[in-house]
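# Analysis of the macromolecular model
Listed below are the residues making up each chain.
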Amino acid sequence: MILWLWLCCGFSTSVGQPDSELMARYLEEKLMADYSIMEQVARRVPRQAKFLQRLETRPRMSEFSVKSTIISRYAFTTVSCTMVNSGSEAREAVFEMQIPAPAFISNFTMIIGNKTYYGEVTGKEKKHSSDDKARHRKPLNSTEGRENGYETFKASVFIPRKMQAKFLLHYEELLQRRLGKYEYTVSIRPQQLVGRLRVEVNILEKSGIVSLEVPPLRNSKHKGNGKVEGDVSPPPSTVIGHTKTLAKVTFNPSVVEQTRIARNGILGDFIIRYDVNRELSVGDVQILNGYFVHYFAPTDLPPLPKNVVFVLDSSASMVGTKLKQTKEALFTILQDLRPEDHFNIIGFSNRIKVWQQDRLVPVTPNNIRDAKKYIHNMSPTGGTNINGALQTGAKLLNDYIAQNDIDARSVSLIIFLTDGRPTVGETQSLKILSNTKDAIRDKFCLFTIGIGNDVDHKLLERMALENCGMTRHFQEDEDAASHLKGFYDEIGTPLLSDIRVDYPEDNVEQVTQNFFPNYFNGSEIIIAGKLINRTSDSLHVEVTASNSKKYILLKKDVAIDLPSRNDIRGIPGLEDGKGDTNYIERAWSYLTIKELLNSRLKSDDSQEKDYLMEKAKSMALTYNFVTPFTVLKMREAGLHPELAPEEFISPSTDGIGEKLQSLQGHKAPPGIQRRQDKQRIKISKTSADGDPHFVIDFPSSKFSVCFNIDGEPGDILRLVSDHKESGVTVNGQLIGAPAPPNGHKKHRTYFSTITILNNKPERSYLEITPKRIILDDGERLLLSCGRSAVVRSNSLEVSISANSNVTVTIRDTISFVILIHRYKKPAPYQRNHLGFYISNSKGLSSDSHGLLGQFLNHEVKLLQESLNTSHQQVGRNQTEALKPNPTNTLKVKGRLVPVVWKQRRIYNGQQEVECWFAKNNADKLIDGSYKDYLASHPFDTGTSFGTSNSF
């Protein structure tokens, strides 16, 4: 899909460039210099002059980032791109992004200066004016000149002088399992070196993640893909981390690393492959808020025997590489046929040649040898008789099935390959489709393969759809041999046939396709639907199918765990563009729309086609998907873009602010208030703030104790750990900064993220940063710290005071206050950070732990050490007298801790507190050592002291 958006705006302000951007500009200027030398030596003026002019005038891309969240195979992807015009006049900027062909765009936003333009999905009218046609027309071949399986999104704007434009593109897709792996692919082709380039992919699979891999960048069309022959290592700067159910993969190449991969900025496809653990029985059924999705992919079954006819184009257009690669692939495929299989080969041009007349032959060494000879001797000549070849292949297979006592559970199929359009015999597509369907008569499946740009894609696609098959298209200059072999591997091992998945009719509705002629090893069957009775305790599932030995029937009652609905844990940053957190519902809508599109493609009835179009359009509008029947129109919001980029794709709640409400046009969910509630909770001194400095207040002793923790950037500290009793855990993640000049520290650390986890009565969590808050207590919300709001649920309340603090109250007995520290012009050693304060700890148990939690229900004693080392307890009124004595001691749980008197500022430096300071990372003051309080990830609940556990 190619979408051109033309806007012209006028602004005036200056935009700075970071060091990484200057490096990108320097390297590209070096590249320009190289071209200049080449031009002088080789006298190649026209092409290089154009290239130099484009480099000198086009806006600079300062940032290109992709953030994706994959939840149970359903992927939400956000692409963010910033372009800067540092010139003295307005210049055109083109944002171009290749997206997977199966994906649906769900939102697009542009921010230019102080104006915001947001995408609105509207229905495509049957009749357009000439202007509309020029603006919205989709080319006949939207993937022309692009990588296989991609479509290109384009947006063009004029950026005023000294200004920048920001583009935010969102799309969604349901990953398909092929060859035993899910493959998620992101196109990284900014077409210039980028100062800040980052890809981040978060994966949550409740079944468990296995076989996670990141291969080298793939770029089959452009040089400079950085791939060394035989290299299987991830791209440079790739970081991979995962637990049993969570994975995070980042790709963050510096400008120098980008240059080593491709100096033209066309890095290639960043690919992640993985699989999940699988249940035996009926498969994986996930249910959420009235919707379900069912993944069925059994393994360890014996393969079914195959009856296969290969129908291969040998017309004159196949001359050269195409026919050579086809032959190479067929040689390998023939070698992979099993002894129980039967096969034949048909070559066609304007003439049709059958290798073995009127029969399929068994797989034997002699037959394989003779088949290879036949393929080797095929020569390109004549035209393309597609209809005649398919009729011959279908008759051959039908006769073989009818006249032979074949295994009733064997799988019959035709694999058809061509590089062109019909030129001989029947050339009308509709007639070819009708003839093919009549010849096959639903007795077997047809799989089609197209090579090059001259092939009739729609004809091949519809032939496959109408005859229970699949289609693939490969570019002419790609490695067709490996693609053909890969496609055959997908369908070469059938494990089940005639698979039917049933649910009680009075329990479900609007179920997607539930009958499948074949299941191939390494693939997956996916069904989705809606529940009629949402209060039911279980969903009955039955799967019937046949394999090589017997017919099978699988039954199971899948529990509907109502208290744990929407149990998405450990995945920060889920932004789907509309705040719809029910990923299962979106997967259902995605599948349903795809099926409606396929049904319309197969239909010859005009009324039925119109009905299917309207139904698909209505659903696409409901879920904000760009489809062949909907278009993305840009509207001006007229808002000043104060919010961070991720907040423009946050859930639409008018409690966050009128800006988001106007931008996204939705009402706020229940529990959101516009006004700011009065502060009802008093902040205590017990806190962790600053570098970080810890303070524990002991009201009954009338003094406070303080200590520092010299952590490392990236460390996650357990602040409160009471998961077993109250169900509450608080973790804080550190960010690093350089130390101030002439300081004694090598660096500073601050809290960049505070994560609050609550497991009672229902699971919920909060992830707080200086910019935004993610709240998930059964419904997921993304809130801005820059707008005042109050959100309440049964056991949780979050109150935001804009750019000041966030108060979190749990069950009215536990309260935390998080102070927001933001700098307008931070010094090099300053970072936006958070401070954590405990306001009410009554609901925490006596067994609570953590750097702060361990002191909440314990008292300490202050002792004075005499000259003869005997200890004398000091009364409360003697505290002042003890200040000058350097040998003061605290008694904590039987441990003696030397302390000194200090003064410390808290509450954004507005209040000074006097405290007894324990040195050396609170040695002897805290249980164990500092390392015992390190969590493995932000959602680590730590069921006991020194242990880790995922939330």
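Given the structure is predicted, the values throughout are model-derived calculations rather than measurements. For every chain, the first residue of the written sequence is number 1, and numbering continues from 1 onward in sequence order. Thresholds applied to this predicted model are a pLDDT of at least 70 for local features of residues and 80 or more for the giving and counting of side-chain atom pairs; totals over whole chains, interfaces and linings are not thresholded and use all residues. Excluding hydrogens and water, the side-chain values take into account all heavy atoms of the structure.

### Thoughts on the overall build of the protein
The helix and strand inventory of the protein stands at 15 helices and 51 strands. Only protein chains enter the area calculation, which uses a 1.4 Å probe; residues under 20% of their type maximum are buried, those over 50% are exposed, and those in between are partly exposed. When the 951 residues of the protein are sorted by exposure, 55% land in the buried category. Working rule for contacts: check all heavy atoms of both residues, and any pair within 4.5 Å makes them a contact. Within the protein, counting contacts between residues at least 6 apart in sequence, those at least 24 apart form 69% of the total. Helical segments are the DSSP runs of H or I of at least four residues, strand segments are the runs of E of at least two, and each set is numbered from the N terminus.

### Observations regarding the sheet that holds strand β6 (residues 115-123)
Pairing between two strands is assigned when DSSP locates at least 2 bridges connecting them. Ordered in space as β13-β14-β11-β2-β3-β8-β5-β6-β31, the nine strands form an open sheet in which the pairing is mixed. A single partner strand is all that each edge strand has here, and the edge strands are β13 (238-242) and β31 (630-636). Each strand of the sheet is rotated relative to its neighbour by a mean of 15°, with strand direction disregarded. Under this scheme, a helix contributes an axis fitted over its contacting stretch, all axes are lines through C-alpha atoms, and angles between N-to-C directions fall in the 0 to 180 degree range. Against the sheet, helix α11 (residues 583-602) contacts β2 (60-71), β3 (74-85), β5 (104-112) and β8 (163-174), and its axis sits at roughly 90° relative to β3. Running at roughly 155° to β6, helix α12 (residues 606-623) makes contact with β6 and β31 of the sheet.

### What about the nonpolar core?
Think of a nonpolar core as a cluster: buried Ala, Val, Leu, Ile, Met, Phe, Trp, Tyr and Cys residues, connected wherever their side-chain atoms sit within 4.5 Å. With 55 residues, the main nonpolar core has Phe64, Phe108, Phe167 and Leu169 as its most contacted residues. If one sorts the elements of this core by residue count, β8 sits on top with five residues. Residues Phe751, Leu834, Val860 and Val892 belong to the second largest nonpolar core, which totals 53 residues.

### Here we look at the state of the cysteines
Criterion for a disulfide: a pair of cysteine sulfur atoms within 2.5 Å. Applying the stated rule across the entire model yields two disulfides. A sulfur-sulfur distance of 1.9 Å marks the disulfide that ties Cys445 to Cys468. Taking the sign of the torsion about the S-S bond as the criterion, the disulfide between Cys445 and Cys468, at about -110°, is left-handed. Residue Cys445 is found in strand β23 (residues 445-451), and its partner Cys468 is found in the loop between α9 (457-466) and β24 (471-474); the two are separated by 23 residues along the sequence. Looking at the protein, its bonded cysteines, counted consecutively from the start of the sequence, adopt the pairing 1-2, 3-4.

### A short note on the packing of helix α5 (residues 321-336) against helix α10 (residues 480-491)
Taken N-terminus to C-terminus, the directions of α5 and α10 make an angle of 30°; their axes are 8 Å apart at the nearest point. Crossing handedness for the pair α5 and α10: right-handed. On α10, the residues touching Gln325, Thr326, Glu328, Ala329, Thr332, Ile333 and Asp336 of α5 are Ala480, Ala481, Leu484, Lys485, Tyr488 and Asp489. By residue class, the composition of the contact of α5 with α10 is six nonpolar, three polar and four charged. Put simply, a crossing is left-handed when the front helix is turned counterclockwise from the back one by less than a right angle, and right-handed when it is turned clockwise. For this scheme, ten residues count as nonpolar: Ala, Val, Leu, Ile, Met, Phe, Trp, Tyr, Cys and Pro. Four count as charged, namely Asp, Glu, Lys and Arg, and the remainder, Gly too, count as polar.

### Examining the sheet that holds strand β17 (residues 291-296)
Ordered by their spatial adjacency, four strands build an open sheet running β16-β17-β28-β26, and the pairing between neighbours is antiparallel. On the outer flanks of this sheet lie β16 (284-288) and β26 (508-509), each paired with one strand and no other.

### What about the packing of helix α7 (residues 386-403) against helix α8 (residues 429-440)?
Between α7 and α8, whose axes approach to 9 Å, the crossing angle comes to 5°. Judged by the angle between their axes, α7 and α8 are roughly parallel. Mapping the contact onto sequence places Ile386, Asn387, Leu390, Gln391, Ala394 and Asn398 in α7 and Ile432, Asn435, Thr436, Ala439 and Ile440 in α8. For the contact of α7 with α8, a count of residues per class yields six nonpolar, five polar and no charged. Any angle that is under 35 degrees is reported as roughly parallel, and any over 145 degrees as roughly antiparallel; angles of 65 to 115 degrees are reported as roughly perpendicular and all others as oblique.

### A short note on the confidence of the model for the protein
pLDDT is a residue-level measure of predictor confidence that goes from 0 to 100. Residues with a pLDDT of 70 or more make up 76% of the protein, whose mean pLDDT is 79. Predicted confidence is poor over residues 1-18, with pLDDT under 50, and the contacts of this stretch with residues over four places away or in other chains come to 64 contacts. Per-residue pLDDT stays below 50 along residues 866-884; that stretch engages in 27 contacts with residues further than four places along the chain or on separate chains.

### Structural notes on the environment of Gly382
Tracing the sequence through the fold places Gly382 in the loop between α6 (365-376) and α7. Residues Gly382 and Asn350 lie 32 residues apart in sequence; the distance between their C-alpha atoms is 5.4 Å. Residues contacting Gly382, with those up to four places away along its chain left out, are Ser315, Ala316, Ser349 and Asn350.

### Digging into the pairing of strand β11 (residues 196-204)
Counting buried residues in β11 gives seven out of nine residues, a clear majority hidden from the surface. Sheet topology places β2 next to β11; nine bridges connect them, and they run parallel. Within β11, the residue paired with Val66 across the bridge is Val199. As defined by bridge partners, β11 adjoins strand β14 (residues 246-251) across six bridges and the pair is classed as antiparallel. Bridging across to β14, Val199 finds its partner in Phe251.

### A word on the pattern of salt bridges
For salt bridges, the criterion is a side-chain nitrogen of Lys or Arg within 4 Å of an Asp or Glu carboxyl oxygen. Counted under the stated rule, the structure contains 37 salt bridges. One salt bridge connects Arg73 with Glu524, and the closest N-O pair in it is separated by 3.4 Å. Placement of Arg73 in the loop between β2 and β3 and of Glu524 in the loop between β27 (515-520) and β28 (525-531) is noted, with a sequence separation of 451 residues between them. Both residues of the pair, Arg73 and Glu524, belong to the buried class. Of the charged contacts in the structure, one is a salt bridge between Glu490 and Arg178, with a shortest N-O distance of 3.8 Å. Residue Glu490 is found in helix α10, and its partner Arg178 is found in strand β9 (residues 177-178); the two are separated by 312 residues along the sequence. A relative accessible area of 42% means that Arg178 is categorised as partly exposed.

### Points about unusual backbone geometry
The residue after Asp691, namely Pro692, is reached through a cis peptide bond having omega -10°. By the element assignment, Pro692 lies in the loop between β33 (687-689) and β34 (693-698).

### Structural notes on α5
At 3.6 residues per turn, the α-helix brings residues three or four places apart onto the same side. Here the expected span of a helix is defined as 1.5 Å times the quantity of residues minus one. Here α5 contains 16 residues, and its C-alpha end-to-end distance of 23 Å stays within 8% of the 22 Å for a straight helix at 1.5 Å per residue. By the burial criterion, the buried members of α5 are Lys322, Leu323, Gln325, Thr326, Lys327, Ala329, Leu330, Ile333 and Leu334.

### As for α12
A rise of 1.5 Å per residue sets the reference length of α12, with its 18 residues, at 26 Å; its end C-alpha atoms lie 26 Å apart and thus fit the reference within 8%. Check the buried side of α12 and you find it contacts β6, β17, α11 and β31. Nitrogen and oxygen atoms within 3.5 Å of one another constitute a polar contact, given that in protein one can donate a hydrogen and the other can accept it, and given that sequence-neighbouring residues count only through two side-chain atoms. Capping of α12 at its N-terminal end is provided by Asp605; its side-chain oxygen lies 3.0 Å from the backbone amide nitrogen of Gln607. Immediately beyond the C-terminal end of α12, within one or two residues, lies Asn624, with a positive phi of roughly 60°.

### Section: the pairing of β13
In this sheet, β14 lies alongside β13 in antiparallel orientation, the contact comprising five bridges. Paired with Thr238 across the bridge in β14 is Phe251. In this antiparallel pair of consecutive strands, β13 and β14, the connection spans three residues.

### Here's the deal with the packing of aromatic side chains
Note on ring pairs: Phe, Tyr and Trp rings are taken, using the six-membered ring of Trp, and paired if centres are within 6.5 Å. Classes follow the plane angle, with under 30 degrees stacked, over 60 edge-to-face and the rest tilted. Under the definition given, this model contains 25 aromatic pairs. Centroid distance Phe694 to Phe707: 4.8 Å. Interplanar angle 10°. Geometry classified as stacked. Here Phe694 is found in strand β34, whereas its partner Phe707 is found in strand β35 (residues 703-708), with 13 residues between them in sequence. Side by side, Phe694 and Phe707 carry an identical accessibility label, which is buried. A ring pair is formed by Trp901 and Trp916, whose centres lie 4.6 Å apart and whose planes are at 70°; its orientation type is edge-to-face. Taken together, the residues Trp901 in strand β50 (residues 895-906) and Trp916 in strand β51 (residues 911-918) connect sequence positions 15 residues apart. Members of the aromatic cluster, joined through ring pairs, are Tyr74, Phe76, Phe104, Tyr590 and Phe625. Counting as a charge over the ring demands two things of the Lys NZ or Arg CZ atom: a distance within 6 Å of the ring centre and an angle within 35 degrees of the ring normal. Across the ring face of Tyr295, the terminal group of Arg73 is positioned such that the distance to the ring centre comes to 3.9 Å. A cation over an aromatic ring shows up here: Lys902 above the ring of Phe917, its NZ or CZ 4.1 Å from the ring centre.

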